[in-house]
Amino acid sequence: MTDEALNELSDSKQRILVVDDEASIRRILETRLKMVGYDVVTAQDGEEAVEVYNRANPDLVVLDVMMPKMDGYGVTREIRRTSDVPIIILTALGDVSERITGLELGADDYVIKPFSPKELEARVKAVLRRTNAKEVMAPTGKGTKNVITTGSIKIDTARRQVYRKNERIRLTGMEFSLLELMVNNSGQAFSRNEILQHVWSYPPDHRIDTRVVDVHISRLRSKLETDPANPELILTARGIGYMFARIN
């Protein structure tokens, strides 16, 4: 797609980049996502994905892991060097290592192949809803402030930004949404399933793989904690899940 064609796409629609080396998958996803109101651009390998990403400036990337020229991990690394755009990876059934590696590199969620287009549409909608700052209102309620300070960390829930001693800490949209949930309920423990339901909009199902939560918690700790191996902010609630240390 040319730059002129990209510029003609409606600014009112969110744009999704679909990357997969299988033409049939690209065609199906492009058709389905367009039907539900998104602009869609595509790429068939990792190198083309980076090129199209830089030209199209998408609002979300759907990214296959195993591709020629550059795999999905390489594409994720390239995008994360400059952008926090949400990324959903497509991963093979049963290959847990693919999912974990993709999440550790900065992906926001994953969908397991084979999948139904309806399932992917739901994941896209949930991630965009949580990562689009324009749709997020400053939270209200007992004990909630637009700016929350704990130690050297300042969390601006209205702007969805985090600072340490006036230096901004870059978080992805889903990382911030996870942090926001825990901070606004400091001292309260959440199970992994509860976190998936609140942040990722996963259905309540005990069979769901909850490692997406563990990886995001690890990523948050690496960015916020002085010593991630001995966290003082994002605590493990043994036998339950995770909690943010109580804020006085």
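All figures in this text were calculated on a predicted structure; none of them were measured in a lab. (Residues numbered from 1 in each chain as written. Predicted model: local features only at pLDDT ≥ 70, side-chain atom pairs only at ≥ 80, totals over all residues. Heavy atoms only, no water.)

### Quick notes on the overall build of the protein chain
Next up, step 1: A count of helical and extended segments in the protein chain gives nine helices and twelve strands.
Next up, step 2: Looking at the protein chain residue by residue over its 248 residues, the buried ones come to 50%.
Next up, step 3: Residue pairs at least 24 apart in sequence account for 57% of intrachain contacts in the protein chain once pairs closer than 6 positions are excluded.
Next up, step 4: Summed over all atoms, the accessible surface of the protein chain reaches about 12700 Å², with 47% contributed by carbon and sulfur. (Helix = DSSP H or I, 4+ residues; strand = E, 2+ residues; numbered from the N terminus. Buried < 20%, exposed > 50% of the residue type's maximum accessible area, 1.4 Å probe, protein only. Contact = heavy atoms within 4.5 Å. Areas by Shrake-Rupley, 256 points an atom, 1.4 Å probe, with all protein chains shown as cover.)

### Observations regarding the sheet that holds strand β2 (residues 39–43)
Next up, step 1: Here five strands make up an open sheet; going across it, the order is β2-β1-β3-β4-β5 and the pairing parallel. At either end of the open sheet lies a strand with only one pairing partner, and these are β2 and β5 (109–113). On average, each strand axis in the sheet is tilted by 20 degrees relative to the strand beside it, whichever way the strands run.
Next up, step 2: Bridge count between strand β4 (residues 87–92) and β5: five bridges; the pairing is parallel. Along β5, the bridge assignment pairs Ile-88 with Asp-109.
Next up, step 3: Strands β1 (15–19), β3 (60–64), β4 and β5 of the sheet are contacted by helix α6 (residues 117–131), whose axis makes an angle of about 175 degrees with β5. (Pairing = 2+ DSSP bridges. Axes fitted to C-alpha atoms, helices over the stretch in contact; angles between N-to-C directions.)

### Looking at unusual backbone geometry
Next up, step 1: Of note, the bond from Lys-113 into Pro-114 is cis; its omega dihedral lies within 30 degrees of zero at -10 degrees.
Next up, step 2: Relative to the helices and strands, Pro-114 resides in the loop between β5 and α6.
Next up, step 3: Despite not being glycine, Lys-69 has its phi angle at roughly 70 degrees, a positive value.
Next up, step 4: Within the secondary structure layout, Lys-69 lies in the loop between β3 and α4 (72–80).
Next up, step 5: Positive phi is not limited to glycine here, since Lys-165 has a value of about 50 degrees.
Next up, step 6: Here Lys-165 lies in the loop between β8 (161–164) and β9 (167–169).
Next up, step 7: Among the residues examined, Lys-165 registers a relative accessible area of 68% and is labelled exposed.

### Side note on the pairing of strand β11 (residues 234–237)
Next up, step 1: Where β11 and strand β12 (residues 241–244) come together, four bridges link them in antiparallel fashion. Bridge pairing in β12 links Thr-236 to Tyr-242.

### With respect to the confidence of the model for the protein chain
Next up, step 1: On average, residues of the protein chain score 88 in pLDDT, and 89% of them are at 70 or above.
Next up, step 2: Contacts of residues 134–144 to residues separated by more than four positions or lying in other chains number 13 contacts, the stretch itself having pLDDT below 50. (pLDDT = per-residue confidence, 0-100.)

### A few points about the pattern of salt bridges
Next up, step 1: If you walk through the whole model with that rule in mind, you get 16 salt bridges.
Next up, step 2: For Asp-20, the salt bridge goes to Lys-113, with nearest N and O atoms at 2.9 Å. Of this pair, Asp-20 sits in the loop between β1 and α2 (23–35) while Lys-113 sits in strand β5, placing them 93 residues apart in sequence. You'll find Asp-20 and Lys-113 in the same group, each marked buried.
Next up, step 3: Shared partners join several salt bridges into a network, and the residues in it are Asp-20, Asp-64 and Lys-113. (Salt bridge = Lys/Arg side-chain N within 4 Å of Asp/Glu carboxyl O.)

### Description of the side chain of Glu-175
Next up, step 1: Counting through the fold element by element, Glu-175 comes out in helix α7 (residues 173–183).
Next up, step 2: Among the polar contacts made by the side chain of Glu-175, one reaches the side chain of Lys-223 at a distance of 2.7 Å.
Next up, step 3: Once you skip the residues sitting within four places of it in the chain, Glu-175 turns out to touch Arg-170, His-216, Arg-219, Leu-220 and Lys-223. (Polar contact = N/O pair within 3.5 Å; in protein donor to acceptor, adjacent residues only side chain to side chain.)

### Overview of the packing of α2 against α6
Next up, step 1: Put simply, α2 and α6 touch, their axes get as near as 10 Å, and they point 55 degrees apart. Compared by their axis directions, α2 and α6 come out oblique. Crossing hand, α2 versus α6: right-handed. Residues Ile-28, Leu-29, Arg-32 and Leu-33 of α2 touch α6, and the partners they reach there are Pro-117, Lys-118, Leu-120 and Glu-121.
Next up, step 2: The residue inventory of the contact of α2 with α6, partitioned by class, reads five nonpolar, no polar and three charged. (Parallel < 35°, antiparallel > 145°, perpendicular 65-115°, else oblique. Left-handed = near helix turned anticlockwise from the far one by under 90°. Nonpolar A, V, L, I, M, F, W, Y, C, P; charged D, E, K, R; others polar.)

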